[in-house]
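Observations on the three-dimensional arrangement
Given next are the chains, with one letter for each unit.
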Amino acid sequence: MPKEVPSSKTISKCDHNDNSKDVPDKRYDSDRSFKLPSVKIQKPFSAIPKKRTDVIKWNGWGYNDSKFVVKDGIICFTGKRYPIGELELPYFTEWAKKLLNVDPFKICLPCEIPFDDFFPKTIINEDFLCEIMNLKIEHSVDGFERLTRSHGQTLHDIYSLRRNMGSIHRIPDIVLWPCSHEDVMHIIALADKYNVVIIPYGGGTSVSGAVSCPESETRTICSLDTSQMNNILWLDKKNLLVCCQTGLVGQDLESFLQERGFTCGHEPDSYEFSTVGGWVATRASGMKKNVYGNIEDLLVNVKLVTPKGVLSKEGLYPRQSTGPDLNHIVLGSEGTLGVITEVILKIRPVAPIKKYGSIVFPYFDAGVACMREVARQRCQPASIRLMDNEQFQFGQSLRPKNSSYWSSFTENFKKAYLKHIKGFDLNLICVATLLFEGEKDQVEQQETLIYKIARDCGGIPAGENNGERGYMLTFVIAYIRDLGLDFNIVAESFETSVPWDRTLTVCRNVKYIVGKKCKEFGIKYFLISHRVTQTYDCGSCVYFYFAFNWEGLSDPVATYGEIESAAREEILRCGGSLSHHHGIGKLRARWYPKQVSQLGANLYSATKKYLDPNNIFACQNLLPLKSNL
């Protein structure tokens, strides 16, 4: 019977922090799809250690040494990992004061790490735990270890940790660290036997509530942390394939490949912290998908451990016509069907040329017209993204004072504006950032064609430095929300994919709806902006950023939720999707049946009932609880 266990004893199977040793290629004689001639491959250096909080924040985004802080009334960014590190940001300070009414001298510090008696008590199935210990699979019931694996990166998650820890009532009861596919098979068999809940946990970057524990769950909940499953199993240079375990962090995979002259090319905004398994589980998309593809384009084969057995295709074929592609059962499953343990991905040789660029347009509609034509002619560079004027102004504010690299885009642009295209309004202009990757002649051809299309749409080239700066700022923006919470500002992003003929409508309508709802709630200071981040033959991905000053509101997170829900309803009415790459999780589960049709929802539910008849993967993602049982 489940009992409360106060101890925090940890059993260690092996030391996985030794990155200097060689590890042998795994052999699965019963599964030829994961078998190649025996090789030895060095274990990749792990940027994120097993003890995550040594390097990354427990209550926010990113590295411990990288964050926005206020010194003497001026916002600064710490650390040296990013271009704006160790620099004062006076323009950003003024922007925050003016737009969001931030007083840099009135800060509310986040909650401290809680004491031991704070953590919700554990509910432990002792028979299950005893067998885990006999298998020498590393585990812990330490409160802080459990807390740090109880959340992703939703606004609700981070607000609770920084401002309202009393609202945290349910966290995992045990954390498990399997080392291999076989370890996971044992864990799932035991969980099914003893009716224990398993929630897979990768990089913790989910923004859909996917890894949070349902408060109604009374069974033992295990967070299955894949971080020690971070080996490269083999590299096939001839066929351009790599096989790896799914706890491997994106930047570690890319570093390993780059050292050998290859690249995966999958670069989501969370690339520094998200894992290969998380990419597959959420059907992720990367900033360079135009050249390398989205995760479904890169995935050749996958192993999914379920209570019914292991799901995996036979062979390493480039394509096959053998019925429905079972990879797509796993892609987007979000931890509801099993644990993804190993994947085979396509890779490419590193491009010899990497070049940035940027284009200024007189207004957003002109920029969208350009992106549509670039997509129609299928001449997209590795990345092409279009930001509206609000994001342009915001990006300009993030430049330090007196820095040649970070020189003012506005000042440089004014010269060209006055000389060449008199009439541009700096309060209306928008900017596209470009990244080209390929052979020298390919890049030159793309540049020529894209800049011609841009000129035909009223745009002008704005230089490589601005393009590189805009691209790199993507990795910094996520840190801003933590700072905002210290000054009563909530902020979040949400995205959609939408046909080209609805793109402008979605952008305009969502801005209108958000503004209307803010007025209804009495919110005086807010920001709503958007950017087009990916392009396709038939449509685009649109990313929205929304922030507001919650002065006078008793529950800012609930208020945000109501406003975003109204925005999501408008997106759906205008023909947009429920998600382009964030996934469904728990936050958007109520809309899922309508998106896939009730028959589609029933088909998913039937699949889950077959693969997981006891509902041990009871995270309640995709469909509400009643549909998961």
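Going by an unreviewed UniProt entry, the protein carries the name Alkylglycerone-phosphate synthase and comes from Nezara viridula. Under the UniProt heading Function (unreviewed entry), the note attached to the protein is "Catalyzes the exchange of an acyl for a long-chain alkyl group and the formation of the ether bond in the biosynthesis of ether phospholipids."

1. A few points about the overall build of the protein
Scanning the protein from N- to C-terminus turns up 21 helices and 25 strands. Sequence-distant contacts, at least 24 apart, represent 75% of the contacts inside the protein between residues at least 6 apart.

2. So, the UniProt feature "binding site: substrate" (unreviewed entry) in the protein
Taking the UniProt record as the reference, the feature "binding site: substrate" (unreviewed entry) is found at R481. Classification of R481 by relative accessible area gives buried; the value is 11%. Residues contacting R481, with those up to four places away along its chain left out, are Q153, T154, L155, I158, A491 and E492.

3. Focus: the nonpolar core
If you look at the biggest cluster of nonpolar residues, it comprises 57 residues, and the most contacted ones within it are L147, F361, L386 and F546. Looking at this core element by element, the count peaks at seven residues for helix α11 (residues 364-376). Leaving out residues up to four positions away in the same chain, F546 has contacts with V490, A491, E492, F494, V514, C518, F526, L527, I528, Y560 and I563.

4. Quick look at the packing of aromatic side chains
For the structure on display, the rule yields 20 aromatic pairs. Plain terms: the ring middles of F494 and F544 are 5.3 Å apart, the flat faces sit at 20° to each other, and that makes the pair stacked. With F494 in strand β23 (residues 489-499) and F544 in strand β25 (residues 539-549), the pair connects residues that are 50 residues apart, well separated along the chain. With relative accessibility at 0%, the residue F544 sits in the buried group. A ring pair is formed by F546 and Y560, whose centres lie 5.6 Å apart and whose planes are at 25°; its orientation type is stacked. Linking F546 in strand β25 with Y560 in helix α18 (residues 556-573), this pair joins segments that are 14 residues apart in sequence. Each member of the aromatic cluster is reached from another via a ring pair, and the members are F68, F77, Y82, F92, W95, F394 and Y479. Taking NZ or CZ as reference, R260 lies 3.8 Å from the ring centre of F256, over its face.

5. Some remarks on the sheet that holds strand β8 (residues 138-140)
Ordered in space as β8-β9-β11-β10, the four strands form an open sheet in which the pairing is mixed. The open sheet is flanked by β8 and β10 (197-201), the only strands paired with a single partner. The average undirected angle you get between the axes of adjacent strands in this sheet is 25°. Contacting β8, β9 (174-177) and β11 (221-225), helix α2 (residues 126-134) crosses the sheet at an angle of about 25° to β9.

6. Topic: the confidence of the model for the protein
A low pLDDT means the predicted coordinates there should not be read in detail. Mean pLDDT over the protein: 90, with 89% of residues reaching 70 or higher. Under a pLDDT of 50 for its full length, residues 1-32 has, in the predicted model, 84 contacts with residues more than four places off or in other chains.

7. As for the side chain of S227
Tracing the backbone through its elements, the reader meets S227 in the loop between β11 and β12 (232-236). There is a polar contact of 3.1 Å between the side chain of S227 and the side chain of Q228. Beyond its immediate sequence surroundings of up to four residues, S227 is in contact with W177 and G247.

8. A look at the packing of helix α1 (residues 90-100) against helix α12 (residues 389-397)
The interhelical angle for the contact between α1 and α12, taken along N-to-C directions, is 135°, at an axis separation of 7 Å. Classified by the interaxial angle, the pair formed by α1 and α12 is oblique. Residues Y91, F92 and W95 of α1 pack against Q393, F394 and S397 of α12. Split into classes, the residues belonging to the contact of α1 with α12 amount to four nonpolar, two polar and no charged.

9. Quick look at the state of the cysteines
For the structure shown, the criterion picks out zero disulfides. Looking at the unpaired C108, the closest cysteine sulfur is the one in C111, lying at 8.0 Å. Given a relative accessible area of 30%, C108 falls into the partly exposed group. No disulfide involves C264; its sulfur sits 8.1 Å from that of C244, the nearest cysteine.

10. What to know about the packing of α11 against helix α14 (residues 440-456)
At a minimum axis distance of 9 Å, the contact between α11 and α14 shows a crossing angle of 140°. In terms of their interaxial angle, α11 and α14 are classed as oblique. Here α11 and α14 pass one another in a crossing that is right-handed. Counting all contacts with α11, which are made through C370, E373 and V374, the residues of α14 involved are I450, I453 and A454. Tallied by class, residues from the contact of α11 with α14 come to five nonpolar, no polar and one charged.

Quick notes on the rules
- Residues numbered from 1 in each chain as written.
- Predicted model: local features only at pLDDT ≥ 70, side-chain atom pairs only at ≥ 80, totals over all residues.
- Heavy atoms only, no water.
- UniProt positions renumbered as here; feature names shortened; annotations may be inferred.
- Helix = DSSP H or I, 4+ residues; strand = E, 2+ residues; numbered from the N terminus.
- Contact = heavy atoms within 4.5 Å.
- Buried < 20%, exposed > 50% of the residue type's maximum accessible area, 1.4 Å probe, protein only.
- Core = buried A, V, L, I, M, F, W, Y, C linked by side-chain atoms within 4.5 Å.
- Phe/Tyr/Trp six-rings, centres within 6.5 Å; stacked < 30°, edge-to-face > 60°.
- Lys NZ or Arg CZ within 6 Å of the ring centre and 35° of its normal.
- Pairing = 2+ DSSP bridges.
- Axes fitted to C-alpha atoms, helices over the stretch in contact; angles between N-to-C directions.
- pLDDT = per-residue confidence, 0-100.
- Polar contact = N/O pair within 3.5 Å; in protein donor to acceptor, adjacent residues only side chain to side chain.
- Parallel < 35°, antiparallel > 145°, perpendicular 65-115°, else oblique.
- Nonpolar A, V, L, I, M, F, W, Y, C, P; charged D, E, K, R; others polar.
- Disulfide = S-S within 2.5 Å.
- Left-handed = near helix turned anticlockwise from the far one by under 90°.

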